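Residue-level listing of the chains:
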Amino acid sequence: MKHKYTILSFLSTLLLIFSSQNISAQYYEIANRLPGLIRPALSGSLNYKGFIESGYSKTLGNYNADFLEISTSQGFTYSSWFYMGLGIGVDVLFSHKNDNWGTNWQYDEPGFDTQHSSTTTAAMLPLFTDFRFNIGDTSSASFFIDLKVGCSFLLSKNYISIGDGYLTNQQYFYLRPSIGIRIPTNSQNPRQAVNIGINYRLLTSNYWNSRSRNVTLNGLGASLSYEW
């Protein structure tokens, strides 16, 4: 829990340093122009936009794992600074087992499903809604805030060996906020840009190590994306 609050404080501090005035102005604009954001969807005048993104993140705390990720998001821009879309990705999880954890006795413990084997590498499929806010003039280098929220599915029936136990469930709640820099790559078409960001990843899961309980996996990472 301490790591979670530290991460959130770190992200909040960066946002305040880089964009406090712009964020306040844009939140005010959202509140006053919400009908205008909905109207393009009804009139068919939305502007399509797509993203492809790759990244790496590492969990913090007792549950040590790395994630190598690639995803795409497709949607529409409602204004020069607001985008909303749907996304899908593939995350490869590399977990690290506690060296002090036994290798044989756990299969005899009450509650362990012996029909499942275990692995330290697995693929996950995140499905999410993507909200993105641009801060500043998008024709030049500027900042962005991105929020992906949805669910992630483990593409394996095996338990994931991690820490001193196992991740057991197949569905996860998925939350991934990020902030970063947006750099246009085409002076004639500023809609094309490269994005460099840092992100926080949250996954929830069932966990087993002689007793079942819910756990939260917190992680920090970096990403690189291209938008068009």
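Residues numbered from 1 in each chain as written. Predicted model: local features only at pLDDT ≥ 70, side-chain atom pairs only at ≥ 80, totals over all residues. Heavy atoms only, no water.

## A closer look at the overall build of the chain
Scanning the chain from N- to C-terminus turns up one helix and eleven strands. The buried share of the chain, taken over its 228 residues, is 43%. Intrachain contacts of the chain at a sequence separation of at least 6 include 68% that bridge at least 24 residues. Accessible surface for the chain amounts to roughly 11,900 Å². Of this, 60% is attributable to carbon and sulfur atoms. (Helix = DSSP H or I, 4+ residues; strand = E, 2+ residues; numbered from the N terminus. Buried < 20%, exposed > 50% of the residue type's maximum accessible area, 1.4 Å probe, protein only. Contact = heavy atoms within 4.5 Å. Areas by Shrake-Rupley, 256 points an atom, 1.4 Å probe, with all protein chains shown as cover.)

## Section: the confidence of the model for the chain
When the pLDDT values of the chain are averaged, the result is 80; 71% of them are 70 or greater. Here helix α1 (residues 2-43) is the element of the chain with the lowest mean pLDDT, 52, and strand β3 (residues 82-95) is the one with the highest, 96. Low pLDDT (under 50) marks residues 101-108, which in the prediction has 13 contacts with non-local residues, meaning those over four places away or in another chain. (pLDDT = per-residue confidence, 0-100.)

## A word on the pairing of strand β2 (residues 65-79)
It is a general feature of regular strands that their side chains alternate between the two faces of the sheet. Summarising the sheet, strand β1 (residues 47-60) and β2 pair through twelve bridges and their orientation is antiparallel. The residue bridging Tyr-48 from the neighbouring strand is Phe-76, located in β2. Hairpin geometry of β1 and β2 is characterised by an intervening segment of four residues between the two adjacent antiparallel strands and by a positive phi of about 95° at Gly-61. Linking two consecutive strands that pair antiparallel, namely β2 and β3, is a turn of two residues. (Pairing = 2+ DSSP bridges.)

## Overview of the nonpolar core
Counting 17 residues, the largest nonpolar core has Met-124, Leu-167 and Leu-203 as the members making the most contacts within it. Looking at this core, the elements that each hand over two or more residues are β2, β5 (121-135), β7 (159-162), β9 (171-184), β10 (193-208) and β11 (212-227). The leading source of residues in this core is β5, at three residues. When residues no more than four places from it in sequence are discounted, the contact partners of Met-124 are Phe-67, Gly-89, Val-90, Asp-91, Leu-93, Ser-152, Phe-153, Leu-154, Leu-155, Tyr-172 and Leu-203. (Core = buried A, V, L, I, M, F, W, Y, C linked by side-chain atoms within 4.5 Å.)

## Observations regarding a nonpolar patch on the surface
Taken together, the side chains of Tyr-48, Ile-52, Ile-70, Phe-76, Val-90, Tyr-226 and Trp-228 present a nonpolar region at the surface, about 600 Å² in accessible area. Breaking the nonpolar patch down by element, the ones donating at least two residues are β1 and β2. Residue placement: Phe-76 occurs in strand β2. Taking relative accessible area as the criterion, Phe-76 reaches 35% and is therefore assigned partly exposed. (Patch = residues over 30% accessible without salt bridge, like charges linked within 9 Å, V, L, I, M, F, W, Y side chains within 5 Å. Salt bridge = Lys/Arg side-chain N within 4 Å of Asp/Glu carboxyl O.)

## Comments concerning the environment of Arg-191
Inspection of the secondary structure puts Arg-191 in the loop between β9 and β10. Put simply, Arg-191 and Lys-49 are 142 residues apart on the chain and 8.3 Å apart in space, counted from C-alpha to C-alpha. Sequence-distant contacts of Arg-191, that is, excluding residues within four places in its chain, are made with Asn-47, Tyr-48, Lys-49, Thr-77, Arg-182, Glu-227 and Trp-228. At 2.3 Å, the side chain of Arg-191 forms a polar contact with the backbone oxygen of Tyr-48. (Polar contact = N/O pair within 3.5 Å; in protein donor to acceptor, adjacent residues only side chain to side chain.)

## A few points about the pattern of salt bridges
Under the definition given, this model contains eleven salt bridges. Two residues, Lys-148 and Glu-53, come together in a salt bridge whose shortest N-O distance is 3.1 Å. You can see Lys-148 sitting in strand β6 (residues 142-154) and its partner Glu-53 sitting in strand β1, a full 95 residues away along the chain. In terms of burial, Lys-148 and Glu-53 fall into one category: buried.

## Quick notes on the environment of Leu-224
As for its position among the elements, Leu-224 is in strand β11. Residue class for Leu-224 comes out partly exposed when judged on its relative accessible area of 45%. When the C-alpha positions of Leu-224 and Ile-52 are compared, they lie 8.7 Å apart, and in sequence the two are 172 residues distant. Excluding residues within four positions of it along the chain, Leu-224 makes contact with Ile-52, Glu-53, Ser-54, Val-194, Asn-195 and Ile-196.

## Remarks on the side chain of Glu-53
On the basis of relative accessible area, Glu-53 is assigned to the buried category, the value being 8%. In this structure the side chain of Glu-53 is engaged in a polar contact, spanning 3.4 Å, whose partner is the side chain of Arg-176. Engagement of the side chain of Glu-53 in a polar contact is seen with the side chain of Ser-223, the distance being 2.9 Å. Each residue touching Glu-53, except ones within four places of it in the same chain, is listed here: Glu-69, Ile-70, Ser-71, Lys-148, Arg-176, Ser-223, Leu-224 and Ser-225.

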